[in-house]
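Observations on the model geometry
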Amino acid sequence: MRVITGSARGRKLLTLEGTDVRPTTDIVKEAMFSIIQFEIEGRKVLDLFGGCGQLAIEALSRGADSAVIVDASKKSVDVIRKNLETTGFDKKAVVVNSDALAFLSRRAEKYDIALIDPPYSKGLMEKALDRISDVMNEGGVIICEAPFGDEMPEKAGTFELKKKYRYGKTGLFVYRFYEEVND
């Protein structure tokens, strides 16, 4: 696994071995960042279920101002910290060893971009989407990675599902802020 483009382009990233970890493929990662390519620079990124931190690191490499990476696994947090050091982004990112849902419940800071890629088939996506809009800026974007056949909610608080993309068995689901218009 590597950083695709930007200031850390080509840097190799560590990942954990085993069935509990499912890193985003380069094709899906490239597609994800193509969707938001003009929205990254200077933004605050939240990477929930961080794994090895590759999504936040890719955002930082492409010009994001800062990132918070959340993962419940101590082993994942250790790998994330090593990857941040390798890429030189250890001063631009905060790594939080916490359950993602607990993190969302107690966080007051606001983010511009949220990247959500939880373990599949555990119901974590829906729970995260129920809480995510509380920590998002109005002009922000939420991108979720899930199996393409999964039913995704139309709304995530004050955000609504705007686009769906398919890459083999993997889906990217893009939520953007909406305003209700009363006549």
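Report follows, based on the coordinates. From a predicted model like this one, the values you see are computed outputs, not experimental measurements.

The rules we used
Residues numbered from 1 in each chain as written. Predicted model: local features only at pLDDT ≥ 70, side-chain atom pairs only at ≥ 80, totals over all residues. Heavy atoms only, no water. Salt bridge = Lys/Arg side-chain N within 4 Å of Asp/Glu carboxyl O. Patch = residues over 30% accessible without salt bridge, like charges linked within 9 Å, V, L, I, M, F, W, Y side chains within 5 Å. Areas by Shrake-Rupley, 256 points an atom, 1.4 Å probe, with all protein chains shown as cover. Lys, Arg positive; Asp, Glu negative; His and termini not counted. Charge placed at Lys NZ, Arg CZ, Asp CG, Glu CD. Helix = DSSP H or I, 4+ residues; strand = E, 2+ residues; numbered from the N terminus. Buried < 20%, exposed > 50% of the residue type's maximum accessible area, 1.4 Å probe, protein only. Pairing = 2+ DSSP bridges. Right-handed = clockwise from strand over helix to strand, strands pointing away. Phe/Tyr/Trp six-rings, centres within 6.5 Å; stacked < 30°, edge-to-face > 60°. Lys NZ or Arg CZ within 6 Å of the ring centre and 35° of its normal.

Attention now goes to the pattern of salt bridges. If you walk through the whole model with that rule in mind, you get 11 salt bridges. We note a salt bridge from Asp90 to Lys91, for which the minimum N-O separation is 3.8 Å. Among the charged side chains, a network of salt bridges with common partners joins Arg2, Asp26, Lys29, Glu30, Glu58 and Arg62.

Moving on: a negative patch on the surface. Residues Glu126, Asp130, Asp150, Glu151 and Glu154 make up a contiguous surface patch of negative charge. Looking at the element boundaries, Glu126 is found in helix H5 (residues 124-132). The partly exposed category is assigned to Glu126, whose relative accessible area is 33%.

We now examine the pairing of strand S2 (residues 66-71). The side chains of a regular strand alternate between both faces of the sheet. With five of six residues buried, S2 is to be regarded as a mostly interior element. Where strand S1 (residues 44-48) lies against S2, five bridges are found, and the strand directions are parallel. Bridging from a neighbouring strand, Val45 pairs with Ala67 of S2. Traced from S2 through helix H3 (residues 74-87) to strand S3 (residues 93-97), the parallel crossover comes out right-handed.

A complete count under the given rule lists two aromatic pairs for this structure. Between Phe148 and Phe173 the ring centres are 6.3 Å apart and the planes differ by 20°, which places this aromatic pair in the stacked class. Here the residue Phe148 occupies a position in the loop between strand S5 (136-147) and strand S6 (155-156), and Phe173 occupies one in strand S8 (residues 170-177), the gap between them amounting to 25 residues. Given the relative accessible area of 2%, Phe173 is considered buried. Aromatic pair Phe159 and Phe177: ring centres 5.9 Å apart, planes at 75°, arrangement edge-to-face. In this pair, Phe159 sits in strand S7 (residues 159-167) while Phe177 sits in strand S8, placing the two residues 18 residues apart along the sequence. Looking at Lys44, its charged tip hangs above the ring of Tyr111, at a distance of 5.9 Å from the centre. Geometry around Tyr178 places Lys155 over its ring, the cationic atom sitting 4.3 Å from the centre.

A large share of strand S4 (residues 111-116) lies buried, amounting to six of its six residues. The handedness of the S4 to S5 crossover, carried by H5, is right-handed.

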